[in-house]
Amino acid sequence: GALVYQYPRRTICKSGTSMRMECQAVGFQATSVAWYRQSPQKTFELIALSTVNSAIKYEQNFTQEKFPISHPNLSFSSMTVLNAYLEDRGLYLCGARDRQGGTGQLYFGEGSKLTVL
Amino acid sequence: GQQVQQSPASLVLQEGENAELQCNFSSTATQLQWFYQSPGGSLVSLLSNPSGTKHTGRLTSTTVTKERRSSLHISSSQTTDSGTYLCAIVYNQGKLIFGQGTKLSIKP
């Protein structure tokens, strides 16, 4: 079956340090990968959408300089939270589709929870 | 911008009762999905229902696209159903907009 593995599941980092999280698609080709963040007491908000062979599109309030994303092939994506501070804490989720344009089945990883001290 | 509103914000029921969750959205979505987030935080896709009625197990979702609303009915609730139920619409190249969720607590 199709699965998305996301790791690490939990990370604790000091303020000002960086944290990298990875997303691995198994059983399907991740044509598009979206990264979301759920801050404490809030719902999920889209950080960026990455489609193979297209530029990564960041949402307002999120930048490549802060959240660089790599999507080198159809099975892997990574995102780094650079210079993490308290406001960056939350659950980061990757969601992958096997087709472009919003069609196709959507698979989510289990999330990477970031705690910033 | 696009908006997704869910109600109620929280719901407490006794085991065996039925739960009815509502989702209203501000634009015609290409897809509408219901998710379950466990108390531990992991997210599971429950149903994709852009229009009409869909069933899976004890879950029934009815979406009326013209009226921009969807509901999720959970029959014979169990304590393991406790968690947060999120409604999300898909638009513009696969982006999801999530509602704030309904926190469901099922008491034994």
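Structural data are supplied above this passage.
As the structure is a prediction and not an experimental result, all values here were calculated from the model.

## A look at the sheet that holds strand β8 (residues 76–81) of chain A
All names here are of chain A. One open sheet accounts for four strands, arranged β1-β3-β8-β7; its pairing is antiparallel. On the outer flanks of this sheet lie β1 (3–7) and β7 (69–73), each paired with one strand and no other. When the angles between neighbouring strand axes are averaged without regard to direction, this sheet yields 15°. Of the pairings in the sheet, the one linking β1 to strand β3 (residues 19–26) comprises five bridges and is antiparallel in character. Looking at β3, one finds that Val 4 is bridged to Ala 25.

## Considerations on the interface of chain A and chain B
Each side of the interface is counted separately: chain A has 19 residues, and chain B has 17 residues. When chain A packs against chain B, close to 1600 Å² is buried across both sides, 52% of that on carbon and sulfur atoms. A per-residue breakdown of the area chain A buries against chain B is headed by Thr 43, Phe 44 and Phe 108 of chain A, which together make up 28% of the total. Inspection of the chain A/chain B interface yields zero salt bridges. Between chain A and chain B we count three residue pairs in polar contact (both at pLDDT 80 or more) in total. Elements supplying a minimum of two residues to the side of chain A that touches chain B: β4 (32–38), β5 (44–51), β9 (90–97) and β10 (106–108) of chain A.

## Focus on the sheet that holds strand β8 (residues 69–74) of chain B
All names here are of chain B. Here we have five strands laid out as an open sheet, ordered β1-β3-β8-β7-β6, and antiparallel in their pairing. Of all the strands in the sheet, just β1 (4–7) and β6 (52–56) have a single pairing partner and so form its edges. Across the sheet, the axes of successive neighbouring strands diverge by a mean angle of 15°, strand direction being ignored.

About the cut-offs
Residues numbered from 1 in each chain as written. Chains lettered and ligands numbered in written order. Predicted model: local features only at pLDDT ≥ 70, side-chain atom pairs only at ≥ 80, totals over all residues. Heavy atoms only, no water. Pairing = 2+ DSSP bridges. Helix = DSSP H or I, 4+ residues; strand = E, 2+ residues; numbered from the N terminus. Axes fitted to C-alpha atoms, helices over the stretch in contact; angles between N-to-C directions. Contact = heavy atoms within 4.5 Å. Buried area = accessible area lost by both parts, 1.4 Å probe. Salt bridge = Lys/Arg side-chain N within 4 Å of Asp/Glu carboxyl O. Polar contact = N/O pair within 3.5 Å; in protein donor to acceptor, adjacent residues only side chain to side chain.

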